Amino acid sequence: MAEVDASVSRDSGLGNVSRLLQSREVGAILAVSVLLVLGTVVRADVFLSADNLVGIVRNTAVTAIIGYGMTLLMVSGEFDLSVGSLMAVCGALVATMYGTGYPILFVVLLVLLFAGLYGLFQGLMITKLGLPSLIVTIGTLTLLRGANLVILQGQTATISSDNYPRLIYYIGGVAELGQGPALLNQFPIQIVWTIAFLLLGYYVLNKTAFGYRAMFTGGSKESATRTGIKTDHVKIINFMLVALLAAFAGIGQLAFTQAVSPSTGQGTELIVIASVVIGGTNLFGGEGSMPGTFLGALVFALTQNILVLAGLGVRLFQVFTGIFIISAVLIEVLSRDVRIEYLTEEYIDPITDLADDAESFFEYVRSDVQGIDEPLMFATIGTLILTLVTLVAMTVVDFAVGWGFSFTIVRPGVAALGTLPLVTFMMMAGLILLSTVFLHAGVKAVGTRRDFDTTLQGVIYSFAPTVLLFVPILLSGWSFLTPLVLGTAALVFLPALYLLYRSTRVLHEFGGRDAALSVATMVVLWALVAAFTLTQVSGVN
């Protein structure tokens, strides 16, 4: 009986892990966990302080509040790129109209009415006229950005502390909790609204008929229409909701900073959409998560905070934004069928087969109509392993020994998390693509009956040893002797060239001489590229 109970317990534990990995929020959960550890490593004394942690949550407010509306909108199959500009216009209207002498309650209600009508206008254009939301919202983004310049007359509008309205304080002010040794001296009220809208958004999306209609509309508009759901009404309401939340967020940001400028809100729409995607909302509609959206906003707030603590400011913030978006989509795809066998089937098994009998493996590749999906996944996993090993080795050695590391734009520390994946991706993508082009030129000259995809398959699998490029990369970054760096690189590429020769023979059905000639053509073309590059670099230096 004890054995059965233990088995059930193990199965239950694995089931919980599997459910977590397949949850829509898995990417955001992993990112937040890594960033919390990283922040603790960078500056634990500052990062873990109560004021800093509260500040991080406060910095999620604008992104999260607008993101809740964007989640509903994207779940229903649309999106809005104008939210950043709308947020700025609403803040500008409140600041200028209140500064002119209008009562603050009247101003806030008028601005919210304007936002609601604006959302209604956009929803009608997209649903009734059949215009794509991408084009419409790019147009309104530009229109509102111009309107913001007109309202502010190119200047920053402020609300002075002497004339700070109580209503604005309740939307985005800062509560004074204590002085001196208090654990927390100030508390931004925007945090309360962030949590309140999170709970309300979760209830609407997951517990109401409207939330189910939104998911059904985004999942299959035709099926939803056949069941009697007024899909146009659902989308219009969601456009109005996201506009109202953008207006509220703009007023809250004005209340917190007491200023609004012509540059306010620029780029906010991309951060909002990225947070929603990182949080697990399907880009094509039908599925979404309000807690995931909050976690996605937290990812960006943590990233910005850690970059500042590391002395990097926000120079790399947009780099991280792009990486997070790509990673979120990748994790979403992989998490649908996460299991340890996936890594084995897509990467370990091909490596083992190549090592055992390369010719038989390429015979299988030629006979199997698999396309390039599996080879591309193989290359992606290899690049991720190369990045991870390089990052870990670089960080550990830098921390333990303090060697100066410099490889192209890569430096040790937080910056490496953004720049190293970019460098390794570009390096491997360029290596594989150019090698395929050069090799295909060679096999075409010899006379192949196979297409470019066949050559690409052969190059990707033949370049399996390039996962070991972390060795010359690290040696180069630590300024080891050039002959040693080149020697280790040669040890990586020699088996790759041998595999290229074998793959060309099998996949293109060439004899040994023709296969060798094709690979030699590729090597000569690479030599010409290297010679040209070195000449240009030496000319600059």
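Keep in mind the model is a prediction, meaning the values are calculated, not measured.

Participant: Describe in detail the overall build of the protein, supporting the description with residues and values.
Facilitator: Within the protein one finds 23 helices and four strands. The principal-axis extent of the C-alpha atoms belonging to the protein is close to 85 × 70 × 60 Å. Counting the 541 residues in the protein, one finds 47% classified as buried. If you take every contact in the protein between residues at least 6 apart in sequence, the share linking residues at least 24 apart comes to 75%. A total of about 26,100 Å² of accessible surface is found on the protein, and carbon and sulfur atoms cover 68% of it. In the protein, 25 positive and 33 negative side-chain charges are present, and the distance between their average locations comes to 8 Å.

Participant: Can you lay out helix α22 (residues 482–507) for me, pointing to particular residues and giving the numbers?
Facilitator: Over its 26 residues, α22 runs 36 Å from end to end, which matches the ideal 38 Å to within 8%, given 1.5 Å per residue. The complete set of buried residues in α22 reads V485, T488, A489, V492, A496, L499, L500, R502, S503, T504, V506 and L507.

Participant: Residues and numbers for the packing of helix α9 (residues 190–207) against helix α14 (residues 290–309), please.
Facilitator: Following both chains from N to C, one finds α9 and α14 inclined at 145°, their axes separated by 8 Å at the closest point. Contact residues: α9 offers T194, L198, G201, Y202 and L205, while α14 offers M290, P291 and F294. Grouping the amino acids of the contact of α9 with α14 by side-chain chemistry returns six nonpolar, two polar and no charged.

Participant: Account for the nonpolar core, naming residues and giving values.
Facilitator: Grouped burial of nonpolar side chains is what soluble globular proteins tend to show. The biggest cluster of nonpolar side chains holds 89 residues, and the ones touching the most others in it are I66, Y68, M70 and V94. For this core, the element with the most residues is helix α12 (residues 231–257), which contributes twelve residues. The residues touching Y68, leaving out its near neighbours within four places in the chain, are T194, F197, L198, L245, M290, T293 and F294. Listed in part, the 46 residues of the second largest apolar core include F362, F438, L507 and F510.

Participant: How would you summarise the environment of F405 if you had to cite specific residues and measurements?
Facilitator: Structurally, F405 is set in the loop between α18 (373–400) and α19 (414–446). Assessed through its relative accessible area of 5%, F405 is described here as buried. In this structure, the C-alpha to C-alpha distance between F405 and F480, residues 75 residues apart in sequence, is 11 Å. Excluding its chain neighbours within four sequence positions, the residues that come into contact with F405 are M394, V410, R411, P412, I473, L474, G477 and W478.

Participant: Which residues make up the pattern of salt bridges, and what are the values?
Facilitator: Counting across every chain of the model gives ten salt bridges. The closest approach of N and O atoms between E78 and K235, which form a salt bridge, is 2.9 Å. Of this pair, E78 sits in the loop between α4 (61–75) and α5 (83–100) while K235 is found in helix α12, placing the two residues 157 residues apart along the sequence. Per residue, the accessibility class of E78 equals that of K235, and both read buried. Of the charged contacts, one joins R366 and E363 as a salt bridge, the two residues approaching to 2.7 Å between their closest N and O atoms. One end of the pair, R366, and the other, E363, are both in helix α17 (residues 358–367), three residues apart, so they sit about a helical turn from each other. Taking the relative accessible area as the measure of exposure, E363 reaches 31% and is therefore partly exposed. One network of salt bridges, with partners in common, ties together E363, R366, R449, R450 and E509.

Participant: Describe the environment of G211, with residues and values.
Facilitator: Relative to the helices and strands, G211 is located in helix α10 (residues 209–219). Here the alpha-carbon distance between G211 and L72, two residues 139 residues apart in the chain, equals 7.7 Å. The contact partners of G211, leaving out residues within four places of it in the chain, are V204 and L205.

Participant: Got a sec to walk through the packing of aromatic side chains? Specific residues and values, please.
Facilitator: Under the criterion given, the structure shown has 14 aromatic pairs. Here the aromatic rings of F405 and W478 are separated by 5.9 Å at their centres, their planes lie at 80°, and the arrangement is edge-to-face. Of this pair, F405 sits in the loop between α18 and α19 while W478 sits in the loop between α21 (470–477) and α22, placing them 73 residues apart in sequence. Look at W478 and you get buried, because its relative accessible area is 14%. Connected via pairs of aromatic rings, a cluster forms that spans Y347, F361, F362, F378 and Y461. Above the ring of Y169, the side-chain terminus of R166 is found at 4.6 Å from the ring centroid.

Participant: Summarise the side chain of T424; cite the residues concerned and give the values.
Facilitator: Tracing the chain through its elements places T424 in helix α19. There is a polar contact of 2.7 Å between the side chain of T424 and the side chain of T387. T424 has contacts with T383, L386 and T387, leaving out every residue within four places of it along the chain.

Participant: Could you give an account of the layout of surface pockets, with specific residues and numbers?
Facilitator: Once rolled over the atoms, a probe with the size of a water molecule shows which space is left empty. The space that makes up the second largest pocket amounts to roughly 1,200 Å³. Forming the boundary of the second largest pocket are 32 residues, of which L486, A489, F493, W526 and A530 lie nearest the centre. Looking at the lining of the second largest pocket, the elements with two or more residues in it are α19, α21, α22 and α23 (512–540). For the lining of the second largest pocket, the per-class residue count stands at 27 nonpolar, five polar and no charged.

Participant: Give me empty space enclosed by the protein: which residues, what numbers.
Facilitator: This model, assessed by the stated rule, comprises four cavities of 30 Å³ or more. Looking at the largest cavity, its volume works out to about 100 Å³. Mapped by element, the contributors of at least two residues to the lining of the largest cavity are α18 and α19. Sort the elements by how many residues they give to the lining of the largest cavity and α18 lands first, with five residues. The class makeup of the residues in the lining of the largest cavity is ten nonpolar, three polar and no charged.

Participant: Account for the side chain of E78, naming residues and giving values.
Facilitator: In this structure E78 comes out as buried when scored by relative accessible area, which is 12%. Not counting residues within four places of it along the chain, the set of residues in contact with E78 comprises L73, I126, S133, K235 and F239.

Participant: Help me get a handle on the packing of α4 against α12, residues and values and all.
Facilitator: With their axes 8 Å apart at the nearest point, α4 and α12 run at an angle of 175° to one another. The angle between the axes of α4 and α12 places the two elements in the roughly antiparallel class. The segment α4 lies against α12, with V62, I65, I66, Y68, G69, M70, L72 and L73 engaging K235, N238, F239, L241, V242, L245, A246, A249 and Q253. Of the residues that constitute the contact of α4 with α12, the class distribution is 13 nonpolar, three polar and one charged.

Participant: How would you summarise α18 if you had to cite specific residues and measurements?
Facilitator: Spacing of three or four residues puts side chains on the same side of an α-helix, whose turn is 3.6 residues. Between the first and last C-alpha of α18 there are 41 Å, a value that for 28 residues agrees with the 40 Å anticipated at 1.5 Å per step. Buried within α18 are the following residues: P375, M377, F378, A379, I381, G382, T383, L386, T387, T390, L391 and M394. Once α18 finishes, G402 follows within two positions and takes phi at roughly 80°, a positive value.

Criteria and cut-off values
Residues numbered from 1 in each chain as written. Predicted model: local features only at pLDDT ≥ 70, side-chain atom pairs only at ≥ 80, totals over all residues. Heavy atoms only, no water. Helix = DSSP H or I, 4+ residues; strand = E, 2+ residues; numbered from the N terminus. Buried < 20%, exposed > 50% of the residue type's maximum accessible area, 1.4 Å probe, protein only. Contact = heavy atoms within 4.5 Å. Areas by Shrake-Rupley, 256 points an atom, 1.4 Å probe, with all protein chains shown as cover. Lys, Arg positive; Asp, Glu negative; His and termini not counted. Charge placed at Lys NZ, Arg CZ, Asp CG, Glu CD. Expected span 1.5 Å × (residues − 1). Axes fitted to C-alpha atoms, helices over the stretch in contact; angles between N-to-C directions. Nonpolar A, V, L, I, M, F, W, Y, C, P; charged D, E, K, R; others polar. Core = buried A, V, L, I, M, F, W, Y, C linked by side-chain atoms within 4.5 Å. Salt bridge = Lys/Arg side-chain N within 4 Å of Asp/Glu carboxyl O. Phe/Tyr/Trp six-rings, centres within 6.5 Å; stacked < 30°, edge-to-face > 60°. Lys NZ or Arg CZ within 6 Å of the ring centre and 35° of its normal. Polar contact = N/O pair within 3.5 Å; in protein donor to acceptor, adjacent residues only side chain to side chain. 1 Å grid on protein atoms, 1.4 Å probe; cavity = no way out; pocket = protein on both sides within 12 Å on 5 of 7 lines; lining within 4 Å. Points joined across faces, edges and corners; volume = space filled by probe spheres on them. Parallel < 35°, antiparallel > 145°, perpendicular 65-115°, else oblique.

By themselves these figures say nothing about function.
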